[in-house]
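Structural characterization, general
Listed here are the chains, written in short residue letters.
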Amino acid sequence: MTDVLRQNWILLRRDLLLHWRVLAPSALIFAAFQAWFITEVNRPTLWLVFACVYMSFLTVIPINVDDKAGTAAWSCTLPVTRADLVRGRYVTAWAMVVGFFAVGVALAAYMPGSKLSATMLLVPDRLLLTIGIVTFILGLLIPFTLQFGLMGVMLMLVVLQIVGAGLFVVAKLTGAMDAVEGGVAVPFRALAAGITALREALPSPVFQLVLLAVLVLLNWGSYRFALALFRRKEL
Amino acid sequence: MSQETNGALEVRDLCKRYPGFALADVSFTVPSGYIMGLIGPNGAGKTTTLKLILGLLHRDGGMIRALGLDPATDGAQVRSRIGFVHDEPRFYRSLTLAQNAALVARFYPTWDADVFRHHADAFDLPLAKRFGQLSHGNKTKFALALALSHGAELVVLDEPTSGLDPVFRRDLLDTLTELLQDERASILFSTHITSDLERIADYITLIQDGRIIFSDSKDEILQRWALVKGGLDVLDLLPPDYFRGIHRGAHGFEALTDDAAAARRQLGDSVVIEVATLDDVVLYTTVSESDD
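All of the points below concern the structure found in this document. (Residues numbered from 1 in each chain as written. Chains lettered and ligands numbered in written order. Predicted model: local features only at pLDDT ≥ 70, side-chain atom pairs only at ≥ 80, totals over all residues.)

1. Structural notes on the interface of chain A and chain B
- Each partner contributes to the interface: chain A provides 17 residues, whereas chain B provides 18 residues.
- Among the elements of the structure, helix H1 (2-40) and helix H5 (72-75) of chain A are those that each provide at least two residues to the side of chain A that touches chain B.
- Broken down by element, the residue count for the side of chain A that touches chain B peaks at four residues, all from H1(A).
- A breakdown of the residues in the side of chain A that touches chain B according to their chemical character gives 11 nonpolar, four polar and two charged. (Contact = placed C-beta atoms within 7 Å. Helix = DSSP H or I, 4+ residues; strand = E, 2+ residues; numbered from the N terminus. Nonpolar A, V, L, I, M, F, W, Y, C, P; charged D, E, K, R; others polar.)

And the structure:
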């Protein structure tokens, strides 16, 4: 266990050291945007969604460290296992998210004129929402980047934009906008309905614990999947 | 799980298949405290073999024991005791050499900062310069300084002397020889510059088209293999597979034999028999027959 923590700490420090020139300005931009947002908008849930998406996608920078530097093979000659390297990605990504979230909460709490407060954000439901969104994004992003690299992520974003825009144009031209909107919303509505049903079936603290356990399991599943992909890689 | 082996590195029947290329039944042993040179033409399978030893590739068959451990199952433990230099060293381009070294040092509990400084001084490395600004030669020197600074018991070098000037190549070979003086470290050194190996290697393994041609002590090889020169009339009397490689000229031939004693006995004074260099061995075994 001590070895695992030591390796994680070494890898985290490496990732932060390598990217502080990018992460420091990103943190400043994030803080400036948050400062504007919390003084203008009194929507804590909306704030959380924006912050989570921003924070989660920013982790793509350090988790692609070896892909960008061409050092993937060299990293695997270090006295670490491939599991250490994959776990390092998750630790770095979550450490970044926690760091950025702390900045956001501190701004909400102490920024003069803030329409939000720390107590609005640090309630179990909103914390679970935060963990849920971050889990969803990182759970897909990390295995994807390990398999396809930074270029793969870029390509995916471009393809998603083209597909989204194309779908919109086709829906507009064919007058099928309602059907497309309904189709896109189906999985999200189903997820929301499932969570609501679970909440109604369980007392609040139990529901929160179950949801937390599910999110932890999803992270674990994503990690195991990413590890299986990375173990198969030949470098 | 530790296991007794005959050497610092033991490779048995190693196989790796790719479309169009296969490493087949590769076997050799690097005895503890010795230098083995892994030679062969480009694309012979040298780098693939080294990557399999490091666990960067997955083997399709065979066995590897590095320092008594299997890199496939005890990779991190094996690699903590191995110093490796890649043929194209890659570190973090935006960091200085000192920063890169500090980063690498954290991974090795046995890291010796004084030894690193000693090598950095000896190799004249600009520690304040960014890795991305270095020449290929300096990148290799830096990778070597790192590989030699954590008390590695097995040093694996993939073409470390290519791209280096002759003076540094000589210094490097001296450094490797010094490393062996305590007889603790063993070295596996892949190269196509065979003159380097003639200076320092104790054992030579020749690999070609993914197969081992021979793996033996250098002295034994240089004693056993020889260049035979004679007239074309002599060649006509011999079976076609008598030599390992033949070069025919207008008036005579030059050929390589892997049994100098038998050639002396059988061909007598009809030919001239000379000591073959490693270069000759690689050249003639790579191109089995050629004409002027």
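Structure's up, so let's keep going.
2. Details of the environment of A:Glu181
Residue and element names in this part refer to chain A.
- Locating Glu181 in the fold gives a position in helix H9 (residues 177-201).
- A count of 11 C-beta atoms within 10 Å places Glu181 in the exposed class.
- Once the C-alpha coordinates of Glu181 and Tyr90 are considered, the two residues, 91 residues apart in sequence, prove to be 33 Å apart. (Buried ≥ 20, exposed ≤ 12 C-beta atoms within 10 Å, placed from the backbone.)

3. A short note on the sheet that holds strand S1 (residues 9-18) of chain B
All names here are of chain B.
- The strand order across the open sheet formed by three strands is S2-S1-S4, and the pairing between neighbours is antiparallel. Sheet topology places strand S2 (21-30) and strand S4 (61-66) at the edges, where each strand pairs with a single neighbour. Direction aside, neighbouring strands of the sheet carry axes that sit 20 degrees apart on average.
- Note that S1 and S4 share five bridges and pair antiparallel. Each bridged residue has a counterpart across the sheet, and for Glu10 the counterpart in S4 is Arg65.
- This element, helix H1 (residues 46-54), spans S1, S2 and S4 of the sheet and lies at about 115 degrees to S1. (Pairing = 2+ DSSP bridges. Axes fitted to C-alpha atoms, helices over the stretch in contact; angles between N-to-C directions.)

4. Some thoughts on the packing of helix H2 (residues 44-58) of chain A against helix H8 (residues 124-174) of chain A
Residue and element names in this part refer to chain A.
- Orientation of H2 relative to H8, taken along the N-to-C sense of each, is 25 degrees, at an axis distance of 9 Å. In terms of their interaxial angle, H2 and H8 are classed as roughly parallel. As for the relative orientation of H2 and H8, their crossing is right-handed in sense. Facing H2, whose interface residues are Pro44, Thr45, Leu48, Val49, Cys52, Val53, Met55, Ser56 and Phe57, H8 presents Arg126, Leu129, Thr130, Ile133, Val134, Ile137, Leu138 and Leu141.
- Of the residues that constitute the contact of H2 with H8, the class distribution is 13 nonpolar, three polar and one charged. (Parallel < 35°, antiparallel > 145°, perpendicular 65-115°, else oblique. Left-handed = near helix turned anticlockwise from the far one by under 90°.)

5. Side note on the environment of A:Gly152
- Residue placement: A:Gly152 occurs in helix H8.
- With sequence-adjacent residues up to four places away left out, A:Gly152 is seen in contact with A:Phe144 and A:Thr145.

6. Things to note about H8(A)
All names here are of chain A.
- With 51 residues, H8 extends only 44 Å from end C-alpha to end C-alpha; this falls clearly short of the ideal 75 Å at 1.5 Å per step.
- Bending of H8 peaks at approximately 115 degrees at the position of Phe148.
- Those residues of H8 lying buried are Thr130, Val134, Thr135, Leu138, Gly139, Leu141, Ile142, Pro143, Thr145 and Leu146.
- Against H2, helix H3 (60-63), helix H6 (82-110) and helix H10 (204-232) lie the buried residues of H8.
- Positioned one or two residues after H8, Gly175 has a phi angle of 70 degrees, which is positive. (Expected span 1.5 Å × (residues − 1). Bend = angle between axes of the 7 residues up to and from the residue.)

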